[in-house]
Amino acid sequence: MIRPFFVLIGDNCAGWTINFRALEQSKAFAINVGCDYETNLDIVNCLRGLTIETILAGYNDSSFYTAPSIQDNPLVSDVYRIVPKHPLDNDPEQTRSRVPLLIGGNRNDGTFLLSRYVEAVLKPNNHHLNVTYLRNIFLQTLLNSSHFGINDTPIGMVESIIASFLKEHRMGVNLTVMGQAVSDIYSTFYFKAPALHKAKSHALLGLKTYLYSYEYESSTHVFYEDLGGIPEILPGVTHADELNYIFKFKDFSEEEKLFSERLINTIYNFMMHGDPGAPDDKEDLNQGPIWTPVTNETFGYTIINFTMRAGSHYGQTFHTV
């Protein structure tokens with residue numbers, strides 16, 4: 001029996017999901033755990049002799065992502081070829097599973113990523129305390145960095161992105177004031193825009209596709225600190241917040257119990273029937289159907305909150321302030 005496919009956050013077409021510097025970063029990791037050798041064979045033999053505790057400690061001390069690389073090297077055996085080519089180069093007609101798709105992201109997915117950038121780049125140079133730097137240099141440097149790789153071609157491209165996302169927040173007096181608007185750039189480029197791309201391409205194949213924006217405000221953020229979140233960047237509805245209401249990592253209030261039941265029922269209905277809307281929850285008197293499939297012409301989505309409601313265009317989620 002074929003089951004529908006549920007993507008919690010983001011999509012494999014996002015730039016960060018493919019590692020173009022895998023060998024370089026693997027060697028940096030090896031050095032970090034004491035395997036500083038000249039040849040790849042010696043490095044591998046050293047890594048094989050490490051304890052799992054040493055490997056995990058080395059990973060936690062490293063700043064790179066463990067995204068897979070594109071394994072198009074003919075020396076790589078097909079058995080180990082997990083990502084043979086870039087996902088954008090795949091032909092959906094040939095590679096896409098013919099199943100319903102539920103895909104989306106959290107309202108403030110990018111706050112933990114901005115936190116990591118602040119810790120790794122701004123704080124060591126005290127730039128996070130320099131208002132002049134934050135207003136005039138920070139964003140240009142961020143967008144040009146490997147986090148985004150956006151070149152200012154044509155001239156004004158970077159400035160247009162900054163103006164679109166920050167508006168008056170660009171003149172914020174500190175990083176916290178600017179933080180949510182800046183994190184929207186991460187949320188959009190890393191999670192939301194790729195999710196919209198995947199939803200559109202899936203719908204073009206005539207397959208039932210649903211988009212969502214998870215926006216339930218949690219009383220605590222179970223994974224924020226573990227993911228690198230810092231107090232200066234307010235988490236909002238951040239990355240992985242929804243997992244607590246699926247797997248329960250902490251005690252719930254009465255409201256949270258009800259929300260958890262609704263969220264799990266939504267996922268259950270989709271996995272069992274290919275439609276996330278419960279039979280008795282199809283119609284919203286003010287908004288029409290709560291869960292409306294994406295089509296070639298419309299990109300509607302559902303806002304997952306204590307009370308779910310329909311949104312008209314998923315692009316509306318790109319800007320939260």
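Model, not experiment: these values are computed from the prediction.

This part covers the pairing of strand β3 (residues 209-214). Of all six residues making up β3, six are buried, and the element is well covered by its neighbours. Inspection of the sheet shows strand β2 (residues 101-106) paired to β3 by six bridges, in the parallel sense. Opposite G104, over in β3, you have Y212 as the bridge partner. Strand direction decides the pairing type here: β3 and strand β6 (residues 301-304), joined by three bridges, are parallel. Along β6, the bridge assignment pairs Y214 with I304.

Let us now look at the confidence of the model for the chain. Across the chain, the average pLDDT comes to 84, with 81% of residues at or above 70. For the stretch residues 282-288, pLDDT sits under 50, and the model shows 11 contacts to residues farther than four places along the chain or on other chains.

What follows is about the packing of aromatic side chains. Evaluation of the coordinates by the stated rule reveals 17 aromatic pairs. Ring centres of F148 and Y190 lie 5.6 Å apart, and the angle between their planes is 70°; this geometry places the pair in the edge-to-face category. One end of the pair, F148, is in the loop between α6 (131-144) and α7 (157-166); the other, Y190, is in helix α8 (residues 175-204), and 42 residues separate them in sequence. Taken as a pair, F148 and Y190 share a single burial class, namely buried. Members of the aromatic cluster, joined through ring pairs, are F148, Y186, F189, Y190 and F191. The ring centre of F252 lies 5.4 Å from the NZ or CZ of K248, which sits over that ring.

Let us look at the pattern of salt bridges. Under the defined criterion, the tally for this structure stands at six salt bridges. Taking the shortest distance from any N to any O, the salt bridge between K123 and E119 comes out at 2.7 Å. The class for K123 is partly exposed, based on a relative accessible area of 24%. Look at E119 and you get partly exposed, because its relative accessible area is 38%. A salt bridge links K250 to E256, with the nearest nitrogen and oxygen atoms 3.4 Å apart. Given the relative accessible area of 18%, K250 is considered buried. Beyond isolated ion pairs, a larger network of salt bridges with shared partners links E119, K123 and E232.

At a minimum axis distance of 10 Å, the contact between α6 and α7 shows a crossing angle of 115°. Note that α6 runs across α7; the crossing there is right-handed. Mapping the contact onto sequence places L139, Q140, L143 and N144 in α6 and V158, E159, I161, I162 and L166 in α7.

The rules behind the values
- Every chain is numbered independently, its residues counted from 1 as its sequence is written.
- Under the rules for a predicted model, residues below a pLDDT of 70 receive no local features and side-chain atom pairs below 80 are neither given nor counted, while totals for whole chains, interfaces and linings still include all residues.
- Hydrogens and waters are ignored; side-chain quantities use all the structure's heavy atoms.
- Type-normalised accessible area, obtained with a 1.4 Å probe on protein chains alone, sets the label of each residue: buried when under 20%, exposed when over 50%, and partly exposed for intermediate values.
- Helical segments are the DSSP runs of H or I of at least four residues, strand segments are the runs of E of at least two, and each set is numbered from the N terminus.
- Pairing between strands requires that DSSP locate at least two bridges from one strand to the other.
- A residue's pLDDT is the confidence the predictor assigns to it, expressed on a 0 to 100 scale.
- We call two residues in contact when some of their heavy atoms are within 4.5 Å.
- Whether two aromatic rings pair depends on their centres lying within 6.5 Å, for rings of Phe, Tyr and Trp, where Trp uses its six-membered ring; planes under 30 degrees apart make the pair stacked, over 60 edge-to-face, and the rest tilted.
- When the NZ atom of lysine or the CZ atom of arginine is within 6 Å of a ring's centre and also within 35 degrees of its normal, the charge is said to sit over that ring.
- Basic side-chain nitrogens of Lys or Arg form a salt bridge, by our definition, when they fall within 4 Å of a carboxyl oxygen of Asp or Glu.
- Helix axes use the C-alpha atoms of the stretch in contact, all axes being lines fitted to C-alpha atoms, and the angles between their N-to-C directions lie in the range 0 to 180 degrees.
- Two helices crossing with the near one rotated counterclockwise from the far one by less than a right angle form a left-handed crossing, whereas a clockwise rotation gives a right-handed crossing.

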